[in-house]
Amino acid sequence: MNEHEEIEKALKARLSELRTHRAKVGRELHKLLPADSEDQAIELENQEALEAIDKTETTEILQIEAALKRISEGTYGTCAKCGEPIDPRRLKALPTAATCISCST
Ligand SMILES: [Zn+2]
């Protein structure tokens with residue numbers, strides 16, 4: 001019985017959601033630009049927005065993967081810097097937190 005089972009479940013659900021969405025964004029990003037230059041300008045702006053989304057989602061995916069790894073290794077909930085337990089309230093608000101509040105600032 002994993003004490004972080006609930007969090008693990010929630011993180012895994014979020015991870016698959018993010019992966020699905022990122023795959024969609026990726027397909028949009030790799031779509032060919034329209035030949036018309038006006039459409040191209042719109043499309044480029046669109047691509048910039050998509051790239052920003054892709055970046056944010058990639059970061060979140062990496063954070064979730066790291067948190068899942070800490071759960072499986074049994075180090076989840078322990079600050080990666082000082083080794084003190086992370087406040088459960090902080091983990092609730094930010095399940096991917098790897099450090100305690102004092103080490104995060
Ligand atoms: Zn700490």
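This write-up is about the structure you can find in this document.

About the cut-offs
Residues numbered from 1 in each chain as written. Predicted model: local features only at pLDDT ≥ 70, side-chain atom pairs only at ≥ 80, totals over all residues. Heavy atoms only, no water. Donors = N, O, S within 2.8 Å, 3.2 Å for Na, K, Ca; no water. Tetrahedral: all angles 85-135°; square planar, octahedral: opposite > 155°, others 65-115°. Helix = DSSP H or I, 4+ residues; strand = E, 2+ residues; numbered from the N terminus. Buried < 20%, exposed > 50% of the residue type's maximum accessible area, 1.4 Å probe, protein only. Salt bridge = Lys/Arg side-chain N within 4 Å of Asp/Glu carboxyl O. Expected span 1.5 Å × (residues − 1). Contact = heavy atoms within 4.5 Å. Axes fitted to C-alpha atoms, helices over the stretch in contact; angles between N-to-C directions. Parallel < 35°, antiparallel > 145°, perpendicular 65-115°, else oblique. Left-handed = near helix turned anticlockwise from the far one by under 90°. Nonpolar A, V, L, I, M, F, W, Y, C, P; charged D, E, K, R; others polar.

**What about the coordination of the zinc ion?**
Each pair of donors in an ideal four-coordinate tetrahedral metal site encloses 109.5 degrees, whereas pairs in an ideal six-coordinate octahedral site enclose 90 or 180 degrees. Within the protein, the atoms that donate to the zinc ion are C79 (SG), C82 (SG), C100 (SG) and C103 (SG), at distances of 2.3 Å. One way to put it: the four donor atoms around the zinc ion meet at angles of 105 to 115°, and that makes the site tetrahedral. Of note, the zinc ion draws all its donor residues from one chain, in the sequence arrangement C-x2-C-x17-C-x2-C. Placement of the pair is C79 in the loop between α2 (37–73) and α3 (88–93) and C100 in the loop between α3 and α4 (101–104), with a sequence separation of 21 residues. Each member of the pair, C79 as well as C100, is classed as buried.

**Considering the pattern of salt bridges**
Summed over all chains, the structure comprises seven salt bridges. Residue E73 is joined to K69 by a salt bridge in which the shortest nitrogen-to-oxygen separation is 3.4 Å. Of this pair, E73 and K69 both sit in helix α2, four residues apart, which is roughly one turn of the helix. Shared partners join several salt bridges into a network, and the residues in it are R14, E17 and E60.

**Considerations on helix α1 (residues 5–29)**
With 25 residues, α1 should cover 36 Å at 1.5 Å per step; its first-to-last C-alpha distance of 35 Å lies within 8% of that length. For α1, the full list of buried residues reads E8, L11, L15, L18, V25, G26 and L29. Turning to α1, the residues buried within the fold contact α2.

**Brief notes about the side chain of Q47**
Counting through the fold element by element, Q47 comes out in helix α2. For Q47, a relative accessible area of 10% puts it in the buried group. Excluding residues within four positions of it along the chain, Q47 makes contact with E28, L29, K31 and L33.

**Here's the deal with the packing of α1 against α2**
Two elements in contact, α1 and α2, have axes separated by 9 Å at closest approach and are oriented at 150°. Here α1 lies roughly antiparallel to α2, going by the angle between them. Every pair of crossing elements has a handedness; the one defined by α1 and α2 is left-handed. Taken together, the residues that form the contact of α1 with α2 break down as 13 nonpolar, three polar and eleven charged.

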